[in-house]
Amino acid sequence: TRRMLEEREQAFQSQAAFQQQHFAKAVEAHTLGEQLQQFAQLDWDKLADENPAEAMKLHARYTGLQTKYAGIEREMQGLNGQFMQQSAETRQKAQAQCLQELRKDFPELSIPEKAPVLLKGLDETGRSFGFTGQELANIADPRIIRVLHAAMQYKKLQGAKSVVEKKVQTAKPVQVQASRTAQSNTRNSQLSEMKTRAMKSGKTSDVESFLAARFAKQR
């Protein structure tokens, strides 16, 4: 946590320094741009006819402002490029550290044939929650990946639960029918044995037992 906070503080300071420098150059460029617009509105041909010396003086100043304006634009482009490069390097470093930490929780990230499957699942889960591809590609916080992984596992569990419930619902009538058939066969077999025993023995108790069982089956 301390390392992450230090890296964020460094990134914040770098961004603040860039914005300060870029803002100063932008203000200077804006001021020069207004001056250049004023020079562009002059009637240079008329000014050269009426006052050639003043025309030459103003044209030299105009040219100098154009050169200075172009230099400031190059500096701003250089600042932008430098900041983008620093941001990319910082992001790559953070993502490398994030991956190194996640390998402790998810060993499959170190297995070439399993890592793409896990990453694809995380990507699909993230997009299902509204993340864009660019946002997912720039994730450098392992906590976000852990949350996405937990969400992915939950969705898999819910999907498996739904499949099992459907199978159970489909199998219930068959199981009930099979159970009833087995019970009926058992009762018929018992009745047959009781009838045979009563006919052979002729005892009143055996006959009564057979008739009671048969009556119970009919009920």
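Residues numbered from 1 in each chain as written. Predicted model: local features only at pLDDT ≥ 70, side-chain atom pairs only at ≥ 80, totals over all residues. Heavy atoms only, no water.

A. Region of interest: the overall build of the chain. A tally of helices and strands in the chain yields seven helices and zero strands. Listed N to C, the secondary structure of the chain is α-α-α-α-α-α-α in terms of helices and strands. Of all 219 residues assigned to the chain, the portion counted as buried reaches 20%. (Helix = DSSP H or I, 4+ residues; strand = E, 2+ residues; numbered from the N terminus. Buried < 20%, exposed > 50% of the residue type's maximum accessible area, 1.4 Å probe, protein only.)

B. View of the pattern of salt bridges. In total, this model carries six salt bridges according to the counting rule given. Between R127 and D123 there is a salt bridge whose closest N-O contact spans 2.8 Å. With a gap of four residues between them, R127 and D123 both fall in helix α4 (residues 115-128), about one helical turn apart. Look at R127 and you get partly exposed, because its relative accessible area is 45%. Residues D141 and R143 are paired through a salt bridge, measuring 2.7 Å at the closest nitrogen-oxygen approach. Of the residues examined, D141 reaches a relative accessible area of 11% and is grouped as buried. A relative accessible area of 47% means that R143 is categorised as partly exposed. (Salt bridge = Lys/Arg side-chain N within 4 Å of Asp/Glu carboxyl O.)

C. Representation of the packing of aromatic side chains. On inspection of all chains with the given rule, the structure shows three aromatic pairs. Where F18 meets F83, the ring centres are 4.2 Å apart and the plane angle is 10°; that geometry is what we call stacked. On the criterion of sequence distance, the pair formed by F18 in helix α1 (residues 2-40) and F83 in helix α3 (residues 52-105) is long-range, its members being 65 residues apart. Judged by relative accessible area, F18 falls into the buried class, the value being 15%. Among the aromatic residues, those joined into a cluster by ring pairs are F39, W44 and Y62. Note that K155 overlies the ring of F129, its terminal NZ or CZ placed 5.0 Å from the centroid. (Phe/Tyr/Trp six-rings, centres within 6.5 Å; stacked < 30°, edge-to-face > 60°. Lys NZ or Arg CZ within 6 Å of the ring centre and 35° of its normal.)

D. Seen up close, the environment of E124. Note on placement: E124 falls in helix α4. Taking the C-alpha atoms as reference points, E124 and M152, separated by 28 residues in sequence, lie 8.7 Å from one another.

E. Geometry of the side chain of D141. In this structure, D141 sits in the loop between α5 (133-137) and α6 (142-201). Within the structure, D141 has its side chain in polar contact with the side chain of R143 (distance 2.7 Å). (Polar contact = N/O pair within 3.5 Å; in protein donor to acceptor, adjacent residues only side chain to side chain.)

F. View of α4. Its 14 residues give α4 an end-to-end C-alpha distance of 20 Å, which sits within 8% of 20 Å, the value for a rise of 1.5 Å per residue. Just past α4, the residue G130 takes up positive phi, approximately 100°. (Expected span 1.5 Å × (residues − 1).)

G. Main features of a nonpolar patch on the surface. A contiguous nonpolar surface patch, about 260 Å² in accessible area, is contributed by F129, F131 and I144. Its place among the elements puts F129 in the loop between α4 and α5. Judged by its relative accessible area of 52%, F129 is exposed. (Patch = residues over 30% accessible without salt bridge, like charges linked within 9 Å, V, L, I, M, F, W, Y side chains within 5 Å. Areas by Shrake-Rupley, 256 points an atom, 1.4 Å probe, with all protein chains shown as cover.)

H. The arrangement of a negative patch on the surface in detail. Taken together, the side chains of D43, D45, D49 and E50 define an acidic patch exposed on the protein surface. Among the secondary structure elements, D49 is positioned in helix α2 (residues 44-50). (Lys, Arg positive; Asp, Glu negative; His and termini not counted. Charge placed at Lys NZ, Arg CZ, Asp CG, Glu CD.)

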